[in-house]
Amino acid sequence: RPDYPHASDRFHKFILECARDTAKTLARRGIAHGFFLPKTADEARGIAAKVFARAALVVSDDHPAFIFPQQNRAAARRAACTYLTVDDAAIAPLALIPAHEPQARTIRPKLMALLDEWLAPVAQLEPTT
């Protein structure tokens, strides 16, 4: 949505570039992907409910900052299906680091300390129908 706190063209460009890259990666693997970009807050209203009504599973980003925690709590209450959150932004889940870390130089040593426990090779599984 375009009406959240700190919305900016720079941040939206980043989101769009990530969405493009994700779509390409999923297409190469034969996985369906949908992306919706509302131009107004009114256009965005009700979209999540429509997706949730048809979904067998919803997976969202479990980022512990910004607007994600509130959005995930609200969405999980509304979804009729299983609603999972996955922290995909770091090697170890950021929830393991209790203090808010505003800078890479302060969070990096904490993540590095968790490397041995969390870093492991991941097999690239092929999707099944």
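This text follows the structure it describes.
Quantities reported herein were computed from a predicted structural model and do not represent experimental measurements.

Draft legend 1. Local environment of the pairing of strand β1 (residues 57-61). Taken together, the five bridges between β1 and strand β2 (residues 82-86) define a ladder with parallel strand orientation. Within the sheet, the bridge partner assigned to S60 lies in β2 and is T85. For the crossover from β1 across helix α4 (residues 68-78) to β2, the handedness is right-handed.

Draft legend 2. Molecular detail of the pattern of salt bridges. Under the criterion given, the structure shown has three salt bridges. Residue E17 pairs with K13 through a salt bridge whose shortest N-O separation is 3.6 Å. Separated by four residues within a single helix, E17 and K13 lie in helix α1 (residues 9-28), roughly one turn from each other. By relative accessible area, which is 31% here, E17 ends up partly exposed. Residue class for K13 comes out exposed when judged on its relative accessible area of 53%. For R45, the salt bridge identified is with D42, shortest N-O distance 3.3 Å. You can call D42 exposed: its relative accessible area is 60%.

Parameters and conventions
- Residues numbered from 1 in each chain as written.
- Predicted model: local features only at pLDDT ≥ 70, side-chain atom pairs only at ≥ 80, totals over all residues.
- Heavy atoms only, no water.
- Pairing = 2+ DSSP bridges.
- Helix = DSSP H or I, 4+ residues; strand = E, 2+ residues; numbered from the N terminus.
- Right-handed = clockwise from strand over helix to strand, strands pointing away.
- Salt bridge = Lys/Arg side-chain N within 4 Å of Asp/Glu carboxyl O.
- Buried < 20%, exposed > 50% of the residue type's maximum accessible area, 1.4 Å probe, protein only.

Interpretation in functional terms is not warranted from these geometric data alone.
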